[in-house]
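# Breakdown of the fold
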Amino acid sequence: MSPVNASASAMTLLVTLWSLLAAFPVGAAVPPAQESHSLDPAFHLVRDAVKKHEIPGAIALVARGGKIVRQEAYGLRDIENRLPFTTNTLCWIASITKPVTVAAAMTLVDSGKIALDDPVEKHLPEFHEQKDTNGLHHVFTIRQVMSHASGLVPNPPTRRSAWPIGGPLDEFWLQQELSDIVQTIARSPLRFKPGSKFEYSNSALFVLGRVIEVVSGKPYEVCVREKILKPLGMSDTRYAPPGTEAKRVAVIYAQRDGKRETIFRFNPAVKISNAAPDGGLFSYPAQLVPFLQLFLDHDGRVLSRSAVTEMLKKQPQGWGLGWSLPDGLFLHEGSSGTVAWAEPRTGVIGILFLQYRDQKDSDARLRKQFREAIQNAFADEASVKPADNK
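Owing to the predicted nature of the structure, the values given are computational and were not obtained by experimental measurement.

## Describing the pairing of strand β6 (residues 259–264)
Pairing between strand β5 (residues 252–256) and β6: five bridges, direction antiparallel. Paired with Ile252 across the two strands is Phe264, which belongs to β6. Hairpin connection between β5 and β6: a loop of two residues separates the two successive antiparallel strands, and Asp257 in this loop has a positive phi of roughly 55°.

## A look at the packing of helix α6 (residues 178–186) against helix α7 (residues 202–216)
Two packed helices can be described by the angle between their axes and the distance between those axes. For the pair α6 and α7, the least separation of the axes is 9 Å and the interaxial angle reads 130°. On the basis of the axis angle, α6 is oblique to α7. Crossing angle aside, the handedness with which α6 passes α7 is left-handed. Residue-level inspection shows Leu178, Ser179, Ile181, Val182 and Ile185 of α6 in contact with α7, the latter providing Ser203, Phe206, Val207, Gly209, Arg210 and Glu213. Counted by class, the contact of α6 with α7 contains six nonpolar, three polar and two charged residues.

## Re the pairing of strand β9 (residues 338–343)
Burial analysis of β9 places six of its six residues in the buried class, which makes it a mostly covered element. Going residue by residue along β9, you find Thr338, Ala340 and Ala342 tucked away on one face and Val339, Trp341 and Glu343 tucked away on the opposite face as well. As judged from the five bridges shared by strand β8 (residues 330–334) and β9, these two strands associate in the antiparallel manner. Note that in β9 the partner of Phe330 across the bridge is Ala342. In this structure, β9 lies alongside strand β10 (residues 348–353), joined through six bridges in antiparallel fashion. Pairing of Thr338 across the sheet is with Phe353, part of β10. In this structure, the hairpin formed by β9 and β10 is closed by a connection of four residues, where Gly347 is found at a positive phi of approximately 75°.

## Looking at the pattern of salt bridges
Going through the model one piece at a time under the given rule, you end up with 25 salt bridges. Measuring nitrogen to oxygen at the nearest pair gives 3.6 Å for the salt bridge that ties Asp118 to Lys122. Given a relative accessible area of 10%, Asp118 falls into the buried group. Residue Lys122 is classed as exposed on the basis of its relative accessible area of 57%.

## Topic: the sheet that holds strand β11 (residues 356–358)
Ordered by their spatial adjacency, three strands build an open sheet running β6-β5-β11, and the pairing between neighbours is mixed. Two strands bound the open sheet, and with one partner strand each, they are β6 and β11. Within the sheet, the average angular offset between the axes of one strand and its neighbour, ignoring direction, is 25°. Where β5 lies against β11, three bridges are found, and the strand directions are parallel. Residue Gln255 lies in a different strand from β11, and its bridge partner there is Asp358.

Reading the values: the criteria
- Residues numbered from 1 in each chain as written.
- Predicted model: local features only at pLDDT ≥ 70, side-chain atom pairs only at ≥ 80, totals over all residues.
- Heavy atoms only, no water.
- Pairing = 2+ DSSP bridges.
- Helix = DSSP H or I, 4+ residues; strand = E, 2+ residues; numbered from the N terminus.
- Axes fitted to C-alpha atoms, helices over the stretch in contact; angles between N-to-C directions.
- Parallel < 35°, antiparallel > 145°, perpendicular 65-115°, else oblique.
- Left-handed = near helix turned anticlockwise from the far one by under 90°.
- Contact = heavy atoms within 4.5 Å.
- Nonpolar A, V, L, I, M, F, W, Y, C, P; charged D, E, K, R; others polar.
- Buried < 20%, exposed > 50% of the residue type's maximum accessible area, 1.4 Å probe, protein only.
- Salt bridge = Lys/Arg side-chain N within 4 Å of Asp/Glu carboxyl O.

Printed below as a string of structure tokens:
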């Protein structure tokens, strides 16, 4: 066989393998017999996107009442090594970490160690001297940090910028310390008067993570693990996957100018010092179900009822605390191609994890279409079932 024919045969084999992985999802769950809703349209959207090579792979999940109704994995988590996505592939969940960080801070509110309207500078004196671009000092609160109304710069100054996910996972960034990052944020001028408008800020979550450290007396990631992850049984959700789990971590890809790029490949030799309170967690959809269910149950477990109510209440600039609140949902997306949401009216949880970004936003459209298809499957109930006000 000539080199040209051999190369063509190898490419054909890879395409065939990818198509087979898309056609036969891994770990598909059969909906309970009493579940009358058809989720096929939603899951077929993801399957077909993989078959058409619009995305390398994905994990999709729907849960209700704390139980997984259906979950499927499609395609490849590592194209170069032909490793398939499975339902427990570790994904960088990116900004879905934010509501987890806020929830950890709310346990400190519950214990009376901080208050939502505390000035941040009460706990972090480095912000006493911070000024805006006009040289004026402003006080901003824990609440404003949680709801993206603090005026803090969108990104920490030491975070290197790179399309499309902000470059947060390069080795330089991973090895920075939280206290040092927050010092650079404190030296950056406020962009607007706190509380006057909304501006999404990754820096704000670093500041909140540092407050958690100072007030709890423990490293940020230890506090999150003890207060949120461990009580909810999320033992496979981590800030730094161990080297032995390296092959489980999905590669993050991006499409730009018609070419595929590798944005991040987990390197077990790199020590992760920066837990990144804005987006450092690695997990998979089934692990996140208990966290979202916490807000649906609203039963005082892990977080008090008042803490849950505050997080799901629209603040003056439109967001909740840690959550966006569109159309009766609480939701967060991640810049690695992830989305997780729940709808209190129906008790339905939906999660879609891609590890892929497209310059032309095809990934964003797929996430939106998947969510809409899930909502449509339960639309009749949403129109008649009142909100749970426990």
